[in-house]
Amino acid sequence: MILSIEHTCDVLVIGCGIAGISAALRAAECGCSVTLLTSANLFSGSSFYPGTWGLGLIGPEDSSDQADLARSIQEVGCGMANPQLVETFVSGIQPAIQEIRNLGIHLRRAVQKDQKEFIPCFDHKYRDWNGIEFDSARPVFSRRIQELGIRTLEHCQVLRLVQHQGRVQGVVAAWEGRIRYLGCRAVVLATGGYGSLFRYHLCTGDVAGEGQTLALEVGCKLVNMEFMQMMPGYLHPAPKTIFNEKTFRFTRMRKADGTSLLPPGKASQALLELRSSHGPFTARLASREVDLALFRAFLADERGVEVTYAQEMVDHPPEFITTYFDWLEREKGLTAADAIHIGIFAHAANGGIAIDRNTFTGVPGLFACGEVTGGMHGADRIGGLSTANGLVFGGRAGQAAAAACAETPQPVGQVEFSPLSHPDPAGATRMLQDAMFRHAMVLRTEEGLTATCNQVEALSHAILSASDQTAAPCVSTYRLARQLTTAQCVLKAALLRRESRGSHYRADYPTQDTAQQHPIVVTQQAGQVTAAFQN
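Calculation criteria
Residues numbered from 1 in each chain as written. Predicted model: local features only at pLDDT ≥ 70, side-chain atom pairs only at ≥ 80, totals over all residues. Heavy atoms only, no water. 1 Å grid on protein atoms, 1.4 Å probe; cavity = no way out; pocket = protein on both sides within 12 Å on 5 of 7 lines; lining within 4 Å. Points joined across faces, edges and corners; volume = space filled by probe spheres on them. Helix = DSSP H or I, 4+ residues; strand = E, 2+ residues; numbered from the N terminus. Nonpolar A, V, L, I, M, F, W, Y, C, P; charged D, E, K, R; others polar. Contact = heavy atoms within 4.5 Å. Salt bridge = Lys/Arg side-chain N within 4 Å of Asp/Glu carboxyl O. Buried < 20%, exposed > 50% of the residue type's maximum accessible area, 1.4 Å probe, protein only. Pairing = 2+ DSSP bridges. Axes fitted to C-alpha atoms, helices over the stretch in contact; angles between N-to-C directions. Expected span 1.5 Å × (residues − 1). Arc of directions from axis to C-beta.

S.K.: Now, about the layout of surface pockets: what can you tell me, with residues and values included?
M.R.: The volume enclosed by the largest pocket comes to roughly 410 Å³. Contributing to the lining of the largest pocket are 17 residues, with Ser460, Thr485, Gln488, Gln524 and Gly527 lying nearest its centre. Counting residues per element, the ones that place at least two in the lining of the largest pocket are helix H5 (210-217), helix H12 (446-461), helix H13 (471-496) and strand E22 (528-533). When grouped by side-chain class, the residues that make up the lining of the largest pocket number 6 nonpolar, 8 polar and 3 charged.

S.K.: Any chance you could break down the environment of Gly209 for me, citing the residues and the numbers?
M.R.: Turning to its location among the elements, Gly209 is positioned in the loop between strand E9 (178-189) and H5. For the pair Gly209 and Ala401, spaced 192 residues apart in the sequence, the C-alpha separation amounts to 22 Å. When sequence neighbours within four positions are dropped, the list of residues in contact with Gly209 reads Gly193, Tyr194, Arg482 and Thr486.

S.K.: Provide a residue-level description of unusual backbone geometry, including the pertinent values.
M.R.: With an omega of -15 degrees, the peptide bond running from His236 to Pro237 counts as cis. Its identity as a non-glycine residue notwithstanding, Phe122 has a phi of 70 degrees, on the positive side. Unusually for a residue other than glycine, His155 sits at a positive phi of about 55 degrees. Relative to the elements of secondary structure, His155 occurs in the loop between strand E6 (151-153) and strand E7 (157-164).

S.K.: How would you sum up empty space enclosed by the protein? Please name residues and give values.
M.R.: On inspection of all chains with the given rule, the structure shows 3 cavities of 30 Å³ or more. Put simply, the second largest cavity is a space of about 40 Å³. The wall of the second largest cavity is formed by Ile73, Val76, Gly77, His377, Gly378, Asp380, Arg381, Ile382 and Leu385. The class makeup of the residues in the lining of the second largest cavity is 4 nonpolar, 3 polar and 2 charged.

S.K.: So what's going on with the pattern of salt bridges? Residues and values would help.
M.R.: A full pass over the atoms with the stated rule returns 32 salt bridges. With a closest N to O distance of 2.6 Å, Glu6 and Arg178 form a salt bridge. One end of the pair, Glu6, is in strand E1 (residues 2-14); the other, Arg178, is in strand E9, with 172 residues separating them in the sequence. For Arg178, a relative accessible area of 42% translates into the label partly exposed.

S.K.: If you had to explain the sheet that holds strand E17 (residues 373-374) to someone new, which residues and values would you point to?
M.R.: If you walk across this open sheet you meet the 5 strands as E17-E15-E10-E21-E22, and the pairing is mixed. Among the strands making up the open sheet, the edge pair consists of E17 and E22. With 6 bridges connecting them, strand E21 (residues 520-525) and E22 associate as antiparallel partners. Bridge assignment links Val521 to a residue of E22, and that residue is Ala532.

S.K.: Any chance you could break down the sheet that holds strand E13 (residues 305-309) for me, citing the residues and the numbers?
M.R.: Pairing is antiparallel across the open sheet formed by 4 strands, whose spatial order is E11-E14-E13-E12. Edge positions in the open sheet fall to strand E11 (228-236) and strand E12 (251-254), since each of these has one partner strand only. Between one strand axis and the next, the sheet turns by 45 degrees as a mean value, whatever way the strands run. Both E13 and strand E14 (residues 340-349) contribute to a ladder of 3 bridges, which runs antiparallel. Looking at the pairing, Glu306 lines up with His341 of E14.

S.K.: Which residues make up the pairing of strand E5 (residues 128-133), and what values go with them?
M.R.: Most of E5 is tucked away: 6 of the 6 residues are buried. The two faces of E5 match: Asp128, Asn130 and Ile132 on one face and Trp129, Gly131 and Glu133 on the other face are all buried. Direction of pairing for strand E4 (residues 107-109) relative to E5: antiparallel, over a ladder of 3 bridges. For Arg109, the partnering residue across the bridge sits in E5 and is Asn130.

S.K.: Describe in detail helix H4 (residues 134-147), supporting the description with residues and values.
M.R.: Over its 14 residues, H4 extends 20 Å from the first C-alpha to the last, a length consistent with the 20 Å expected when each residue adds 1.5 Å. Considered for burial, the residues of H4 that qualify are Phe134, Ser136, Ala137, Val140, Phe141 and Ile145. For H4, the angular spread of buried residues about the axis comes to 150 degrees, placing them on one side. Facing away from the buried side of H4 by more than 90 degrees, the exposed set consists of Asp135, Gln146 and Glu147. A positive backbone phi angle near 70 degrees is found at Gly149, which sits one or two residues after H4.

Structure (structure tokens):
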């Protein structure tokens, strides 16, 4: 089908989380006409996930702390972070925090900042800790979007990027029941990670891994796709609520059959103390045994593991834990005295589209920021840096995209588009999510990863060209196709990395191998996904 251009702007931003909003604001402040579109509602994605109280945000305490934070990112990342991106990232955090403070967004500060709960996840010292509260951020961002005249398109599903003579100049998207061609001079991808590739995930359904494949299709590279955060979450009550890892040292945990998850004694308590220092699973620390036991129990019985808390914590919770339980009681009706059941969930991606320090993807006209990108984090990520990433690189993406507009011609007037179909997209998605949960989360093996790769390829073969040009079936099929490709990227990188490093744990290769201390780059040529170690 031939589509004529229906709407043009200078900068088109795809994604309405912290990164996308930051990019849209900066591009508009540079004088560009900006359209901000999302497949969900405004203020969506992991940034505004309803299963937690708000956004943790950390940065260096002052300029003298920048070098230490950069070193810590590299150490925690197990050598998988890009040094140039880390340097740019760390130097930009404090200005970005000041910028949102100047907008009028309330940042929660620690009162008793010397409590160990305020040491960021995986970090070794206190940083400048801030908390962005959703109820403060939404109205402030909304007002600024209106002041700058940014056009917003909600429930607009991007089907593919439009590329003309090697330059990205718009998108084909389904919006308000029709397939449309929206043109622009530059595109910013801020579509988030790929958590909803997994059956159990602590993110909204729009965090589907589509942006990674959109980028692959026009010639971008992906990096560090095997590294993603997996962390405990509630199964019952209040499903998909993020579990506060700071409480681990106060927990009593029992499997579905009533037996203790861990052997009683000082050794297990020491593991729980260590596990209280970080949210996501990591193979780097001895506390991995807590997650491995929890995930095995979850696989054996999807009712999960029952958690109750010591009376000490119920009566005298530390400040950081108090903040969490105040929110939990207000929003979910639960207190520290209530028993809960937890499992391990997919959460956030540490890898994604490879970018330079100005967020350029290597493809003219295309920039990317936020969780859809990779390189500024490594095999593990320090807590509070995901929000900082969105702010810092979101602003840089908006500025770089605005600068690119000056040398870019108007988009081409018409494009050709071929609809696709699948007999059962919803059923195929459930099969994908179940296989990824069982074989590509905490416990990864050659056998399980290979079997899942084969299953993904079989599901992909059922996608065919279609004559039906209506929007609804096309949207569901394109979303499935993108998810299947992004799943292949994760699986092939995980298969290639035959070691355990950070968030990537291979049960058949349980130790770290210094010979594999190189990032893995994923590319696509003629529809084939390939993973290779970076030279």
